[in-house]
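So you can see what is in the structure, the chains are spelled out below.
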Amino acid sequence: MTAPRKTASARGYEILGPDFYLDRTDRVARRLLGCVVLRVFADRVLANAARADVVLAGRIVETEAYFASGDPACHAHRGRTERNRMMFERGGVAYVYFTYGNHHLLNVVTGPEGRPAAVLIRALEPVEGLGLMRAHRPGRSDTQLTSGPGKLTQALAVGKELNGADLTDSPLMIAAAQSSGRNGPRFRIGRSGRIGIREAQDRLARFYIAGNPHVSVRPRE
DNA sequence: ACTCCGATTGGCT
DNA sequence: GCCAATCGGAGTA
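Residues numbered from 1 in each chain as written. Chains lettered and ligands numbered in written order. Predicted model: local features only at pLDDT ≥ 70, side-chain atom pairs only at ≥ 80, totals over all residues. Heavy atoms only, no water.

J.: Give me the lowdown on the overall build of chain A, citing residues and values where you can.
T.: Assigned secondary structure in chain A consists of 4 helices and 8 strands. Helices and strands in chain A line up, N terminus first, as α-α-β-β-β-β-β-α-α-β-β-β. Relative to its length of 221 residues, chain A is compact, with a C-alpha radius of gyration of 17 Å against a globular reference of 17 Å. In chain A, which comprises 221 residues, the share counted as buried stands at 48%. Restricting the contact set of chain A to residue pairs at least 6 apart, pairs at least 24 apart contribute 61%. Counting only carbon and sulfur atoms, one obtains 47% of the accessible surface of chain A, whose full area is about 11000 Å². Within chain A, the 21 negative side-chain charges are centred at a point lying 4 Å from the centre of the 33 positive side-chain charges. (Helix = DSSP H or I, 4+ residues; strand = E, 2+ residues; numbered from the N terminus. Rg over C-alpha atoms; globule rule 2.2 N^0.38 Å. Buried < 20%, exposed > 50% of the residue type's maximum accessible area, 1.4 Å probe, protein only. Contact = heavy atoms within 4.5 Å. Areas by Shrake-Rupley, 256 points an atom, 1.4 Å probe, with all protein chains shown as cover. Lys, Arg positive; Asp, Glu negative; His and termini not counted. Charge placed at Lys NZ, Arg CZ, Asp CG, Glu CD.)

So this is what it looks like as C-alpha cells:
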C-alpha cells in the first residue's frame, strides 16, 4: 500500500475498490456522484516545520460518460492512439489529457481491459484543502474553484503525470460517498446532453447533483 | 510536413 | 453573449 493510501484511510476515507469501475459506464458515471476525489501530496513541510501529507478533497457533483462503442464523441471512437491509450486499460485508472492549449481534463476509466470507456469528472464541491486550492486558482471565488473540468484539475494540481494513475492506490484516488444517514447520501440526480459536444445530444450522458452550486453549467431547459 | 480544431476558460461588449 | 488564448493530437482540408 502506498503512503497516500495510508493517509487517506487514516483520515476516514473509504477508497473505492477495483470492482466499482467495472460496471457499465453510464452507471459508474451516476454512482460517482457524491464520491470524493482525493489528491494527496506526500510529506509536505508545514508552517510549523512538521512534516505531513497534504490532502485535497472534492465531492463529485457532475460527470459525463463516454462509451466504448457507438459513441462518436469518445476519443477512442477511431481506435487506439498514443493519447487515448489509457482508455483501453482495465477500469480504475485515470485518463488525463490536455486540451485547448491550456487545460488538463480528468477521466475515470471504466470497464474491462480492451473496452475503451471513461467518465469525465466535470465538477467538484471543495471539501478539504481549500487553502491550497485557492492558492492554485488565485483570485477566484470558492464556487469558481472546481466548478468545471479544467478548473478542478488546476485546483487539485492534476496534470499529465497522473495519466494512468491507479485510482485505488496512488496520489490520486476516489473514496466512497460520505454516508449521511442510514441510506447514504440523498440528492436528486439531474441528467442532460454532454457539454461542449455536438454529437449524440440525445444520449443524455451527463449526470449532476441537482441544485448544487458547484455544477458547471445550469441545465438549458 | 501541414492544417484544423478541441470533453475550456476568462475577459470584454 | 461573444470571442481570443494556446498547443498538441489527429487526420490529410
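There is more to say after this.
J.: Would you mind going over helix 1 (residues 3–10) in detail, with residue names and values included?
T.: Pro4, Thr7 and Ala8 are the residues of helix 1 that are buried. Considered in projection along helix 1, the buried side chains sweep an arc of 100° and stay on one side of the axis. Across from the buried face of helix 1, at angles greater than 90 degrees, the exposed residues are Lys6 and Ala10. Where the residues of helix 1 are buried, they touch strand 1 (36–45), strand 2 (51–66) and strand 6 (172–175). One or two positions beyond helix 1, positive phi appears at Gly12, with a value near 95°. (Arc of directions from axis to C-beta.)

J.: Can you break down the protein's contact with DNA strand B residue by residue, with the values?
T.: In the vicinity of DNA strand B, 20 residues are found, and the nearest of them are Tyr97, Asn107, Arg137, Gly150 and Arg198. Of everything in DNA strand B that lies within 4 Å of the protein, sugar and phosphate atoms constitute 55%. Within the side chain of Asn107, a nitrogen or oxygen atom sits 2.4 Å from a base nitrogen of DNA strand B. Broken down by secondary-structure element, the contributors of at least two residues to the surface near DNA strand B are strand 4 (103–109), strand 5 (118–128) and helix 4 (149–155). Taken together, the residues of the surface near DNA strand B sort by class into 9 nonpolar, 6 polar and 5 charged. (Near = heavy atom within 4 Å. Polar contact = N/O pair within 3.5 Å; in protein donor to acceptor, adjacent residues only side chain to side chain. Nonpolar A, V, L, I, M, F, W, Y, C, P; charged D, E, K, R; others polar.)

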